[in-house]
Amino acid sequence: METKSVGLYSTCSPSLQLLVPLLLTSLLFVPNVQNSSAAAITTTKTSKTTYTMYLKTACNTTICPKLCYSSLSPYTSTIKTNDLRLCKAALTLKVAKKTSALIKTPSRQKGLSKPEVGVVQDCQDEIGDSIDELKQALQALGSLKGTNNNVEFQIADIKTWVSAAITDESGCTDGFDGLKVSTTLKNKIRNIISKFNGLTSNALALINKLDQ
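Residues numbered from 1 in each chain as written. Predicted model: local features only at pLDDT ≥ 70, side-chain atom pairs only at ≥ 80, totals over all residues. Heavy atoms only, no water.

Per an unreviewed UniProt entry, the protein carries the name Pectinesterase inhibitor domain-containing protein and comes from Hevea brasiliensis.

If you want it as structure tokens, here you go:
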């Protein structure tokens, strides 16, 4: 029996007639997939670089630039280049709550004098007030809307809340004045407050740029 062939296809193998076009199509498609993947990788790298530069530039306007960048760099993909998201991230309550918990630690130590116990308690109250004020600021940031004049008024309120939080944080260590408090206790509390105060001050500096 004679077997007839036409080009690549054999009349004895009808399935091959279907397979070859599919193979040719898939081979043509591979470079497009590779090009798309390379483009996506390049875009991602560009975005990350843009977000990082944005954060570094913003942090350079704050009181503690290094602290600003180290605390916010994990959130660059969320912040992107959005000023409002940056301010919300800067007003994190995680450090505030951790600070409040750490302040309680010295009060559990034995051998504290009555004035020292009083200082620790006052400091706890000040930090509690600071946390409440930061919550108010975060809530206000989350509901910014309206005309330009109205937004400016809202931002002014946010600045007031954050400024009050900073005052309360400072009031924690101001309570040492005129009291017999050991140097060890003073340093311990000041070290605990230091980072919290730096982050809040940085947040205020970033919020100040919202209406500029």
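The structure having been displayed, the exposition proceeds.
Details of the state of the cysteines
Selection rule: Whenever a pair of cysteine sulfur atoms sits within 2.5 Å, that pair is classed as a disulfide. Burial status follows relative accessibility: with a 1.4 Å probe on protein chains alone, a residue under 20% of its type maximum counts as buried, one over 50% as exposed, and anything between as partly exposed. Every helix listed is a DSSP run of H or I at least four residues long, and every strand listed is a run of E at least two residues long, numbered separately from the N terminus.
Evaluated as defined, the whole model comprises two disulfides. Between the sulfur atoms of Cys-59 and its disulfide mate Cys-68 the distance is 2.1 Å. Residues Cys-59 and Cys-68 are joined through a disulfide that is left-handed, its torsion about the S-S bond being -65°. Here the two residues Cys-59 and Cys-68 agree in accessibility, since each one is buried. Through a disulfide, Cys-123 is tied to Cys-172; the S-S separation comes to 1.4 Å. Disulfide Cys-123 to Cys-172: torsion about the S-S bond roughly -60°, handedness left-handed. With Cys-123 in helix H6 (residues 114-142) and Cys-172 in helix H7 (residues 148-174), this pair connects stretches of sequence that are 49 residues apart. What makes Cys-123 buried here is its relative accessible area of 1%. Take Cys-172: its relative accessible area is 2%, and that puts it in the buried class.

A word on the pattern of salt bridges
This is how it is decided: Salt-bridge detection follows one rule: a side-chain nitrogen of Lys or Arg within 4 Å of a carboxyl oxygen of Asp or Glu.
Summed over the entire model, instances satisfying the criterion amount to one salt bridge. Residue Asp-211 is joined to Lys-159 by a salt bridge in which the shortest nitrogen-to-oxygen separation is 3.1 Å. In this pair, Asp-211 sits in the segment after helix H8 (183-207) while Lys-159 sits in helix H7, placing the two residues 52 residues apart along the sequence. For Asp-211, a relative accessible area of 32% corresponds to the partly exposed category.

Some points on the packing of aromatic side chains
The line we're drawing: Classification of ring pairs rests on two measures: the distance between centres of Phe, Tyr or Trp rings, Trp counted by its six-membered ring, which must be within 6.5 Å, and the angle between planes, read as stacked under 30 degrees, edge-to-face over 60 and tilted in between. Geometrically, a lysine NZ or arginine CZ counts as sitting over a ring once it is within 6 Å of the ring centre and also within 35 degrees of the ring normal.
Using the criterion set out here, one finds zero aromatic pairs in the structure. Above the face of the Tyr-69 ring, Lys-56 is positioned so that its terminal group lies 5.6 Å from the ring centre.

Re unusual backbone geometry
Of note in the backbone geometry, Lys-80 takes a positive phi value of approximately 55° without being a glycine. Within the secondary structure, Lys-80 sits in the loop between helix H3 (76-79) and helix H4 (83-90). Accessibility expressed as a relative area gives 36% for Lys-80, which makes it partly exposed.

Looking at the environment of Asp-132
With respect to the helices and strands, Asp-132 occurs in helix H6. Residue Asp-132 is classed as partly exposed on the basis of its relative accessible area of 44%. Considering only alpha carbons, one finds Asp-132 and Ala-165, 33 residues apart in sequence, at a separation of 8.2 Å.

Considerations on the packing of H4 against H8
In plain terms, the rule: To get an axis, fit a line to the C-alpha atoms, keeping to the stretch in contact for a helix; angles then go from 0 to 180 degrees between the N-to-C directions. With respect to orientation, any angle under 35 degrees is reported as roughly parallel, any angle over 145 as roughly antiparallel, any angle of 65 to 115 as roughly perpendicular, and every other angle as oblique. If you view the pair so one helix is near and one far, a crossing is left-handed when the near helix is turned anticlockwise from the far one by less than a right angle, and right-handed when it is turned clockwise. Whether two residues are in contact is decided by their heavy atoms, any of which lying within 4.5 Å being enough. By the convention adopted, Pro, Cys, Tyr, Trp, Phe, Met, Ile, Leu, Val and Ala count as nonpolar, Lys, Arg, Asp and Glu as charged, and the other residues, Gly among them, as polar.
Where H4 meets H8, the axes come as close as 9 Å, and the angle between the chain directions of the two elements is 165°. Classed by the angle they form, the pair H4 and H8 counts as roughly antiparallel. As for how H4 packs across H8, the hand of that crossing is left-handed. Across the interface between the two elements, Leu-86, Cys-87 and Ala-90 from H4 touch Leu-199, Ala-203, Leu-206 and Ile-207 from H8. Residues of the contact of H4 with H8, tallied by class, amount to seven nonpolar, no polar and no charged.

Some thoughts on the side chain of Asn-202
Going by this rule: Any pair of N or O atoms that falls within 3.5 Å is considered a polar contact. Within protein, one atom must be able to donate a hydrogen and the other to accept it, and sequence-neighbouring residues count only if both atoms are side-chain atoms.
Tracing the sequence through the fold places Asn-202 in helix H8. The buried category is assigned to Asn-202, whose relative accessible area is 2%. A distance of 3.4 Å separates polar atoms of two side chains, one belonging to Asn-202 and the other to Thr-62. Every residue in contact with Asn-202, bar those within four places of it in the chain, is listed here: Thr-62, Ile-63, Cys-64, Leu-67 and Cys-68.

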